[in-house]
Amino acid sequence: MKRIFDINTIIRENIKRIKPYSSARDEFTGAAKIFIDANENPLGSVGGSHNNRYPDPYQRQLKEAISNIKGIAPEHIFIGNGSDEAIDLLFKTFCRPGIDTAIQISPSYGMYKVSADVNEVIIHEVSLDSNYQPVTETLVNHGFENVKMLFLCSPNNPTGNLLDRKTLYQILDTFDGMVIIDEAYIDFSQEKSWIAELENYPNLVVLQTLSKAWGLANLRVGMLFASVELIQILNKIKLPYNISGVAQELALQALSKTEEKAQMVHEILTQRSFLLHELQSVPCVLLIYPTDANFILVKTTDADKIYTYLTDNQIVVRNRNKIHLCEGSLRITIGTKEENIALLEALRMFK
Ligand SMILES: *Cc1c(COP(=O)(O)O)cnc(C)c1O
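Criteria and thresholds
Residues numbered from 1 in each chain as written. Predicted model: local features only at pLDDT ≥ 70, side-chain atom pairs only at ≥ 80, totals over all residues. Heavy atoms only, no water. Helix = DSSP H or I, 4+ residues; strand = E, 2+ residues; numbered from the N terminus. Rg over C-alpha atoms; globule rule 2.2 N^0.38 Å. Buried < 20%, exposed > 50% of the residue type's maximum accessible area, 1.4 Å probe, protein only. Contact = heavy atoms within 4.5 Å. Areas by Shrake-Rupley, 256 points an atom, 1.4 Å probe, with all protein chains shown as cover. Lys, Arg positive; Asp, Glu negative; His and termini not counted. Charge placed at Lys NZ, Arg CZ, Asp CG, Glu CD. Axes fitted to C-alpha atoms, helices over the stretch in contact; angles between N-to-C directions. Parallel < 35°, antiparallel > 145°, perpendicular 65-115°, else oblique. Left-handed = near helix turned anticlockwise from the far one by under 90°. Domains from an automatic or database assignment. Buried area = accessible area lost by both parts, 1.4 Å probe. Near = heavy atom within 4 Å. Polar contact = N/O pair within 3.5 Å; in protein donor to acceptor, adjacent residues only side chain to side chain. Pairing = 2+ DSSP bridges.

Novice: Can you explain the overall build of the chain? Please cite residues and give values.
Specialist: Each helix and strand counted, the chain has 12 helices and 11 strands in total. Taken against the 2.2 N^0.38 rule, which gives 20 Å for 351 residues, the C-alpha radius of gyration of the chain at 22 Å falls within 12% of a compact globule. Each of the three principal axes of the chain carries a C-alpha extent, and together these read 70 × 55 × 35 Å. Residue burial in the chain is summarised as follows: out of 351 residues, 50% are buried. Contacts in the chain between residues at least 24 apart in sequence constitute 69% of all its contacts with a sequence separation of at least 6. For the chain, the computed accessible surface area is about 17300 Å², with 53% contributed by carbon and sulfur atoms. One way to put it: in the chain the 35 positive side-chain charges average out to a point 3 Å from where the 42 negative ones average out.

Novice: A description of the packing of helix α11 (residues 303–312) against helix α12 (residues 337–349) should follow, citing residues and the corresponding values.
Specialist: Orientation of α11 relative to α12, taken along the N-to-C sense of each, is 125°, at an axis distance of 11 Å. The angle between the axes of α11 and α12 places the two elements in the oblique class. The hand of the α11/α12 crossing is right-handed. For the pair α11 and α12, contact is made by Ile-306, Tyr-309 and Leu-310 and by Leu-343, Ala-346, Leu-347 and Met-349, respectively.

Novice: Talk me through the domain arrangement of the chain; I want residue IDs and the actual numbers.
Specialist: Structurally, the chain comprises domain 1 (7–256) and domain 2 (259–349). A separation of 29 Å is found between the C-alpha centroids of domain 1 and domain 2. Listed per partner, the contact involves 20 residues of domain 1 and 19 residues of domain 2. Buried surface at the junction of domain 1 and domain 2, both sides included, amounts to about 1700 Å², of which 63% is carbon and sulfur.

Novice: An account of the site of the ligand is requested, with residue identities and associated values reported.
Specialist: The ligand sits among 13 residues. The nearest are Asp-182, Tyr-185, Ser-211, Lys-212 and Arg-220. At 2.6 Å, a side-chain N or O of Ser-211 approaches an oxygen atom of the ligand. For the ligand, an oxygen atom lies 2.6 Å from a polar atom in the side chain of Arg-220. Coverage of the ligand by the protein chains reaches 94% of its 380 Å² of free accessible surface.

Novice: Explain the environment of Pro-55 residue by residue, including any values.
Specialist: Mapping Pro-55 onto the fold places it in the loop between α2 (24–27) and α3 (60–70). Residue Pro-55 is classed as buried on the basis of its relative accessible area of 16%. Each C-alpha atom of the pair Pro-55 and Val-246 lies 8.5 Å from the other, and the pair is 191 residues apart in sequence. In this view, Pro-55 contacts Arg-25, Tyr-241, Ile-243, Ser-244, Gly-245 and Gln-248; residues no more than four positions away in its chain are not counted.

Novice: Break down the sheet that holds strand β8 (residues 285–288) for me, citing the residues and quoting the values.
Specialist: If you walk across this open sheet you meet the four strands as β8-β9-β11-β10, and the pairing is antiparallel. The open sheet has two edge strands, β8 and β10 (318–319), and neither has a second partner. Inspection of the sheet shows β10 paired to strand β11 (residues 329–333) by two bridges, in the antiparallel sense. If you follow Arg-318 over to β11, its bridge partner there is Arg-331. Most of the contacts of helix α10 (residues 258–279) go to strand β9 (residues 295–300), to which it runs at about 10°, and overall it touches β8, β9 and β11. On top of the sheet, α11 reaches β9, β10 and β11; it is set at about 35° to β11, its chief contact.

What follows is the structure, encoded as structure tokens:
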């Protein structure tokens, strides 16, 4: 059943009022012979790289390709300079600095808090339970003031697990504000994307990225899926040319190779199974958490010592020892077969 929720009631008034900057490429989009409207260099690029023209500010071709893959119309898609930009724009859209607040699950991705801090917005951290699952009651009846957004992440970083689907439905049905579900790692799981529920939940925002499964972290292409209303607002307040033409072109090329992507994901999942199995017999590993992502969280006998020992051996993992509910834990990204074998060899030698 469709939830009744009017996002206009929580969008900041100043954001609603903004008239967007209209770029040269906004005002004329057709074909012509001579383009002398944008103060570009007509001679070409220094170095000969053909980058003298401004890119499409709305990334139309890229959205078309994403639309076909994800099964949702381009009007529901916003592309950011990484998911990081999308997260920042959500704070700008919904949270008045010093007044409004947000909630995030804890532990989770560190960028929500960085973005909140930059925007002078308090973000309340609500603990997951001991199985790293959200608790509807504590997230919905939170008791905090002026809460506009809730950040969830599934599969969650750094814990690796999917969040329980029934719980997320309860939250979507009852949370008074926007619910953001970050699916950066969805391609490594068997779970269906929450994109399919956008038509039922006007308060839902789904984040995905080309940085992980698609192997394009260097391009900085993050995707946000939401209601047409919210997409229009984000388009209005983003920087005019937020995705470079080079990034758009290379992303488009990659998106036409879905088979290659599937094969890469398959190989990473094969390596994940291998690591999960082998880690069981490593003496300094106490606990291996279940994972639906391209990394594994492991509880160890001494995270700080093992972390330093590994870096001394030229292997860098993520030390999560100081993170809530992750005491003693390291987060290990699935590497190549050779990298995983090297890691296991080093771990087995740790005394
Ligand atoms: C890696 C990651 C992202 C991706 O961020 P980009 O800015 O798109 O590279 C988003 N969310 C989570 C939880 C991540 O771990």
